[in-house]
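Each chain is listed here by its residues.
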2 protein chains.
Amino acid sequence: MTFLSYEELRRKLLTLLHEKNYREIALLIRDTNEVDIAEFLGECDEKERALLFRMLPKDMAAEVFANLDAEDVETLIHDYSDKEVAELVDGLYNDDLADLMEELPASVARRVLAATDPERRKLVNKLLAYPEDSAGAMMTTEFVHLRQKMTVIEALTRLRKVSTRTEMIYTCFVTSESRILEGVITVRELLQARDESTLAEIMETNVLSVTTQADKEQVARMFDRYDLLAIPVVDSENRLVGIVTVDDAVDVLIEESTEDVTIMAAVRPTEKPYLETTVWDNCKRRVVWLLLLMFSGIINGSILERFEHAFVALPILVTFMPMVTDTGGNAGSQSSTLLIRGIALGEIRLRNLGQVLLKELGIGLSVGSILALANGLRVYLMNGHDLLLAATVSAALLAVVVAANLIGGMLPLIAKSLKLDPAIMASPLITTIVDALGLVLYFEIASALMPGLRL
Amino acid sequence: MTFLSYEELRRKLLTLLHEKNYREIALLIRDTNEVDIAEFLGECDEKERALLFRMLPKDMAAEVFANLDAEDVETLIHDYSDKEVAELVDGLYNDDLADLMEELPASVARRVLAATDPERRKLVNKLLAYPEDSAGAMMTTEFVHLRQKMTVIEALTRLRKVSTRTEMIYTCFVTSESRILEGVITVRELLQARDESTLAEIMETNVLSVTTQADKEQVARMFDRYDLLAIPVVDSENRLVGIVTVDDAVDVLIEESTEDVTIMAAVRPTEKPYLETTVWDNCKRRVVWLLLLMFSGIINGSILERFEHAFVALPILVTFMPMVTDTGGNAGSQSSTLLIRGIALGEIRLRNLGQVLLKELGIGLSVGSILALANGLRVYLMNGHDLLLAATVSAALLAVVVAANLIGGMLPLIAKSLKLDPAIMASPLITTIVDALGLVLYFEIASALMPGLRL
């Protein structure tokens, strides 16, 4: 049995569904990854979804259910009895159940919560109470905790017992009677140790942990930095209350990258995939920044009004205007993008501001000189060997590029120091700022070099 | 002992170094994560680096060494004997050693390779022969393989034996005599199974695997999609040759996001962090696209030349020009950015083109109408109640925004269908294209609505 890509699987299933060949479908999905089945169910209509879901073996159904979108869950459980809902929910880890609760409409969420046993309901409600972007909201409460006095054999025996109801068993945490986090030990270390060693002897006591209030992006970055499979989450008294696992960290890293890129394009981020968003939703997320940027563009208009005499006297100046401002905008966006990403990755910190500005000055001068030279030559050759015009445009270009690089290098760090998201200092805003600056520089330089243009 | 953030640790170590308090330093670093020590060594000068490295306990030294940058490794081993180099290299996994080889200058790499035993040298050379962006270059050759006829107890015994020299032990692979991949089993499943079961009975036979030639970004995305800890890598005969582990997948996901963002800013990507790049290196990576975009700007110049009569007759038209083209550029960048990211995440596929265009048309019309209305009102009120002027600018704005959204929605998918990187269709290129289009639309609409402007 070879592993099918989702596109291959989808084509096969659509054909089989069309042929109503349910025997083959049952065989095929039994050999399919639950994530792919869940995606396919999302593409089906309501009736097919219910039908296919009923065909799943019980152990797969729980896993597929855990991977369904909230909307699909909603239509699916519509026809289910409370007992059936309870069975489905039983297969979910607490953190997945909490995530689902958050996405379901209130009435459906209430029904699902009513179907879970009271003990668990309390735990899930606790998870739901943590702020959305915190480690608390990201963690699960199903983990292995061991005691210092246990031997390796005892620890392994306990692992065997709890491993079905535990999301991550490979990193185990050692706690005191009062649940204070005391150490960490991996299954690898347990396997390597002598059977009769106690955990107190072999555990690592300098435990990397985060609090329930920690920012989820920072938690996710720790997984990347330290190559972890799980991080313990503690409350303010250092009591272990949950763990964050690497799969959730990967999700957060990808989500946060998407969020950054979206903000950098002047769009308010959403967690929904593009194809699932409506036109109106997109409109609301995009129009605010466009309006703001458009109205900042008024400044450009008034700058141009100030220099109207110049371009009426020498209309060819207008011809080069977009080139100068666009190039400046592009250069500034290059700098700001590299800075924003470097800050997000923790590679560039506030203390590096001086270093950044010096580097951007150097880059602006070298890049700007190359562009000015190339452009000067072009203008000189193509515009009647007008050396003064070529020099004017090129000088403006160099000045704009240097200024743009400095602005692009500076603004993300300034945003960071003001506790703003550096990602707002990306292309659209930088372009608008550099445009205004570029116009002033361009016409000032033109007026300075071309005496005829002065008022 | 509480866990220090890197910034706290750095401050403490710098103070202690300044005070030459080596006793405290030795105590502190013994309780510090190896990743943080490696970063700090990277900031030290050569002498301090050598001194601090010698102070590390042996088991930590190997781990710190694995996390050092190639340049730091180079200066560090400069004074080391071949025997010492051999010891350090011995602590590296094969994939990390191969990565290091790639980054070291040839002469140093030769010296390091000479220090490794011949068996291992052969393996590392094999890893080095895979294409840079392939699963082969990403995998390690240290993994657990088991046989179908083994019992659970035998498998666990084997795990205990090999676990020190194996990067990932929690996902084990079952192979035939001729190394054909037959199944997969996790340590969790081993712990849950009865001692006397054979692996043949309990292993999963539908194994998700990739070939050595698979693209590393796609491999990394599989970790995210299927929540995996390891993926087996097979050759063309389905023989198991290595595994990719989740920590390397996380690195690739972050690298690829950075690469995308960098390309989207019209910068040639690099693997080096911003602060480690030189001015000249940055200049080369940035100037090519700027030159290309600048020269495409010539088109804008010639468009403006064509409409010179219009803006000489009505200079106020120039005043609104940057606002119209900038807004179009921003709107187009919004669309293209969301598309590029959606394609990268596998959420948007070629077959969705129609859906995307319809959605972008709707968004363009709604966003464009709001902007046109707001702008029309502004122009009317602030420019002497000139209704015709307000209508002209607003009509142009609406047309440009709709066109920009369609272009931004289309180009990334077209790039994808041409096997180009969709990320090149980002803000800078879209802005340049939309600028040209915007100028034409603006002046054509102005000429159509204002009879006095016609030639």
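What counts and what doesn't
Residues numbered from 1 in each chain as written. Chains lettered and ligands numbered in written order. Predicted model: local features only at pLDDT ≥ 70, side-chain atom pairs only at ≥ 80, totals over all residues. Heavy atoms only, no water. Salt bridge = Lys/Arg side-chain N within 4 Å of Asp/Glu carboxyl O. Helix = DSSP H or I, 4+ residues; strand = E, 2+ residues; numbered from the N terminus. Buried < 20%, exposed > 50% of the residue type's maximum accessible area, 1.4 Å probe, protein only. Patch = residues over 30% accessible without salt bridge, like charges linked within 9 Å, V, L, I, M, F, W, Y side chains within 5 Å. Areas by Shrake-Rupley, 256 points an atom, 1.4 Å probe, with all protein chains shown as cover. Lys, Arg positive; Asp, Glu negative; His and termini not counted. Charge placed at Lys NZ, Arg CZ, Asp CG, Glu CD. Contact = heavy atoms within 4.5 Å. Buried area = accessible area lost by both parts, 1.4 Å probe. Nonpolar A, V, L, I, M, F, W, Y, C, P; charged D, E, K, R; others polar. Pairing = 2+ DSSP bridges. pLDDT = per-residue confidence, 0-100. Least-squares fit on C-alpha atoms with pLDDT ≥ 70 in both. Polar contact = N/O pair within 3.5 Å; in protein donor to acceptor, adjacent residues only side chain to side chain.

## Some words on the pattern of salt bridges
- By the definition in use, this model includes 42 salt bridges over all chains.
- In this structure, the salt-bridge partner of R349(B) is E39(A), at a minimum N-O distance of 3.6 Å. Of this pair, R349(B) sits in the loop between α19 (316–344) and α20 (353–382) while E39(A) sits in helix α3 (residues 34–43), each in a different chain.
- With its nearest N and O atoms 3.6 Å apart, the salt bridge here joins R221(B) to E217(B). Here E217(B) and R221(B) lie together in helix α15 (residues 216–226), a separation of four residues that amounts to about one turn.
- Classification of R221(B) as buried rests on a relative accessible area of 15%.
- Residue classification places E217(B) among the buried residues on the basis of a relative accessible area of 18%.
- Through salt bridges with shared partners, a single network forms among E7(A), D36(A), E39(A), R225(B), R349(B) and R351(B).

## What to know about a negative patch on the surface
- A contiguous patch of negative charge, built from D69(A), E71(A), D99(A), E102(A), E103(A), E132(A), E259(A), E271(A), E276(A), D421(A) and E347(B), is present on the exposed surface.
- In this structure E71(A) comes out as partly exposed when scored by relative accessible area, which is 44%.

## Digging into the interface of chain A and chain B
- At the junction of the two partners, chain A supplies 119 residues and chain B supplies 119 residues.
- Both sides together, the interface formed by chain A and chain B hides about 10800 Å², and carbon and sulfur atoms give 63% of it.
- Of the residues belonging to the side of chain A that touches chain B, the class tally is 59 nonpolar, 31 polar and 29 charged.

## Let's talk about the pairing of strand β2 (residues 168–175) of chain A
Residues and elements named next belong to chain A.
- For β2, the buried fraction is high: eight of the eight residues fall into the buried class.
- Two elements, strand β1 (residues 143–146) and β2, share three bridges in a ladder whose sense is parallel. Opposite F143, over in β2, you have M168 as the bridge partner.
- One ladder, built from five bridges, connects β2 with strand β3 (residues 181–186); its direction is antiparallel. Among the inter-strand pairings, T171 is bridged to a residue of β3, identified as T186.
- Between the antiparallel neighbours β2 and β3 lie five residues, among them R179 with a positive phi of about 65 degrees.

## Some points on the confidence of the model for chain A
- Residues of chain A with pLDDT of at least 70 account for 99%, and the chain-wide mean is 91.
- Interface predicted TM-score (ipTM) for the complex: 0.88; the corresponding pTM is 0.89.

## A closer look at the side chain of D260(A)
Residue and element names in this part refer to chain A.
- One can find D260 in helix α16 (residues 246–264).
- For the buried D260, no salt bridge is present, and the opposite-charge side chain at shortest range is R341, 5.1 Å distant.
- Not counting residues up to four positions away in its chain, the partners in contact with D260 are A344, D421 and A423.

## As for the pairing of strand β6 (residues 240–245) of chain A
All names here are of chain A.
- When you tally the buried positions in β6, you get six out of six residues, the bulk of the element.
- The pairing of strand β5 (residues 230–234) with β6 spans five bridges and is classified as antiparallel. Among the inter-strand pairings, P232 is bridged to a residue of β6, identified as I243.
- Hairpin remark: β5 followed by β6, antiparallel, with five residues in the connecting loop; positive phi at N238, about 65 degrees.

## Thoughts on the relation of the copies chain A and chain B
- With an axial shift of 0.1 Å and an RMSD of 0.2 Å, the rotation relating chain A to chain B amounts to 180 degrees. In symmetry terms, the pair is related by a two-fold rotation axis.
- Take the interface residues of chain A: 100% of them recur as interface residues in chain B, which is what a same-surface contact looks like.

## Observations concerning the environment of D421(B)
Residue and element names in this part refer to chain B.
- Secondary-structure assignment places D421 in the loop between α21 (387–417) and α22 (427–449).
- For D421, a relative accessible area of 30% puts it in the partly exposed group.
- Along the backbone, D421 and A344 are 77 residues apart, and their C-alpha atoms lie at a distance of 9.5 Å.
- Not counting residues within four places of it along the chain, the set of residues in contact with D421 comprises D260, I263 and A415.
- There is a polar contact of 2.9 Å between the side chain of D421 and the backbone nitrogen of A423.

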